[in-house]
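# Observations on the three-dimensional arrangement
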Amino acid sequence: MSKLSQKHLLGIKDITPQDIQLIFETADTFKDVLNRPIKKVPSLRDITIANIFFENSTRTRLSFELAEKRLSADVVNFSASTSSVKKGETLLDTVNNILAMKVDMVVMRHASPGAPHYLARHIKANIVNAGDGTHEHPTQALLDAYSIREKLGDIAGKKVAIIGDILHSRVALSNIFALQKLGAKVMVCGPPTLLPKFIAQTGVLVETDVRKALEWCDVANVLRIQLERQQIKYFPSLREYALYYGITKKILDDLKKPIVLMHPGPINRGVELSSDAADSQHAIILDQVENGVAIRMAVLYLLAGSAN
Amino acid sequence: MQKKLILDSDLLDITLSRLCQQIIENHQSFEESVILGLQPRGIFLAEIIHKKLEKLIRKEIPLGYLDATFHRDDFRRREIPVKASEVRIPFIIEGKKVILVDDVLFTGRTVRAALDAMIAFGRPAKVELLVLIDRKHNRDLPIAPDYVGRTVNTLSTQKVLVELEAQGHEQNKIWLINNKD
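The present account deals with the structure reproduced in this document. (Residues numbered from 1 in each chain as written. Chains lettered and ligands numbered in written order. Predicted model: local features only at pLDDT ≥ 70, side-chain atom pairs only at ≥ 80, totals over all residues.)

The subject of this paragraph is the interface of chain A and chain B. At the junction of the two partners, chain A supplies 18 residues and chain B supplies 15 residues. Elements with a contribution of two residues or more to the side of chain A that touches chain B: helix 1 (17-34) and helix 11 (285-305) of chain A. The leading source of residues in the side of chain A that touches chain B is helix 11 of chain A, at 4 residues. Looking at the side of chain A that touches chain B, its residues break down into 9 nonpolar, 6 polar and 3 charged. (Contact = placed C-beta atoms within 7 Å. Helix = DSSP H or I, 4+ residues; strand = E, 2+ residues; numbered from the N terminus. Nonpolar A, V, L, I, M, F, W, Y, C, P; charged D, E, K, R; others polar.)

So, on to helix 11 of chain A. All names here are of chain A. For helix 11, spanning 21 residues, the distance from its first C-alpha to its last is 30 Å, which sits close to the expected 30 Å at 1.5 Å a residue. Asn291 marks where helix 11 bends most, by close to 25°. Counting buried positions along helix 11 gives 16 out of 21 residues, so the element sits mostly inside the fold. (Expected span 1.5 Å × (residues − 1). Bend = angle between axes of the 7 residues up to and from the residue. Buried ≥ 20, exposed ≤ 12 C-beta atoms within 10 Å, placed from the backbone.)

What follows covers the nonpolar core. If you look at the biggest cluster of nonpolar residues, it comprises 95 residues, and the most contacted ones within it are Met105(A), Ala298(A) and Leu300(A). Counting residues per element, this core draws most heavily on helix 11 of chain A, at 11 residues. Among the domains, domain 1 (12-136 + 289-305) and domain 2 (138-286) of chain A are the pair contributing at least three residues each to this core. Residue contacts for Met105(A): discarding those within four places in its chain leaves Ile47(A), Ile49(A), Ala125(A), Asn126(A), Val128(A), Leu300(A), Leu303(A) and Ala304(A). Grouped together as the second largest cluster of nonpolar side chains are 45 residues, Leu36(B), Leu130(B), Leu132(B) and Val160(B) included. (Core = buried A, V, L, I, M, F, W, Y, C linked by C-beta atoms within 7 Å. Domains from an automatic or database assignment.)

Here it is, written out as structure tokens:
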């Protein structure tokens, strides 16, 4: 018998290491369910979940929707591009209108950092943050840590390097919190312009040479260059970035040690990862996607489980 | 809190032997028979019965663990969600004669959930239910066991406590606990 310490999953910062362990243990059983001939359980059959996406997403949204359907929840989808948000409705009004239709849980992605935290103060439904601007993306961090645990057995004491566009990445921040809570050593690596100014205050190591970072780490989590969030030029060209920070199979083979290669997707092939590296035996990128459904099932199940 | 002993170690052994004989009488060749222990507490009993049966008939019988947590009907009605346990079914259920094993039969709701959970793995030819303790007069659903260790008349406020050596207890003992004063 066990329960999360929070009513919402807004960010990894707010949850305890025990919460993360509980989510992992629950995800183990759901992963088992997903490998059965009938991949569905009736646990959330009386629950309605709204997936509210104010930003584009393929993987996360599909993964959440599958997780919800595998738990037998009723699902409604909402994307900002086709809605009244374009007509000038506020966030709170939009969500309150959806909740008035008797929705129990909200999965939300929003471009503004803190948007789900704001909602959590004003509405009763459970909220799962599916990414808020450049702030946090908790379920991604959970599935990344879960994939490391699955591959290496344990997270405590492991060295994880997060490489790429740290400045614009919500995945980086959530990963730092999650990995540190589980006892891993974390390093961030990227061009100085893409490293946040005070990132070292979170207790991570900072490196600008990608080869040194790869030499150091057991796991490399490579992030996408988020061109859509960059209003100014942070580096001369994508080609130059690929030349200095792109990871190829040759670099990995030269390391003379096993390394686990991760990427939250979508990959810019030929920029942060070359095709031969992304498809090499080092990569667990598709395992991450598979684990994503189990982790999201666990989060939804645990949040919904506590009686209101 | 008052405790009353229902079964002690020796009597439990005799009871389990009798249950095994009853199963043999019904299953005879054991060709399609499998044993499924219900998580979390039924698996210990299932292991004991499994060991005894294999010794008696000198044949291997497939043994599995079934968890019904996600199929329960009290999800969101209790304070804390029940933690799921491992499901281990290393055989195909389709067409098998399944003996479901649990320690205590009370309202019948767990067994109902277990039947649902089992159907997700295939369509068994037959399902039987073995329980060590049948708490009579407490059923919420029309569920009856096929093999019963001991029938006990209980109040819904009372509790049945099963202590097995396999669970780390010193001796096999089954207690009836009075929660009232």
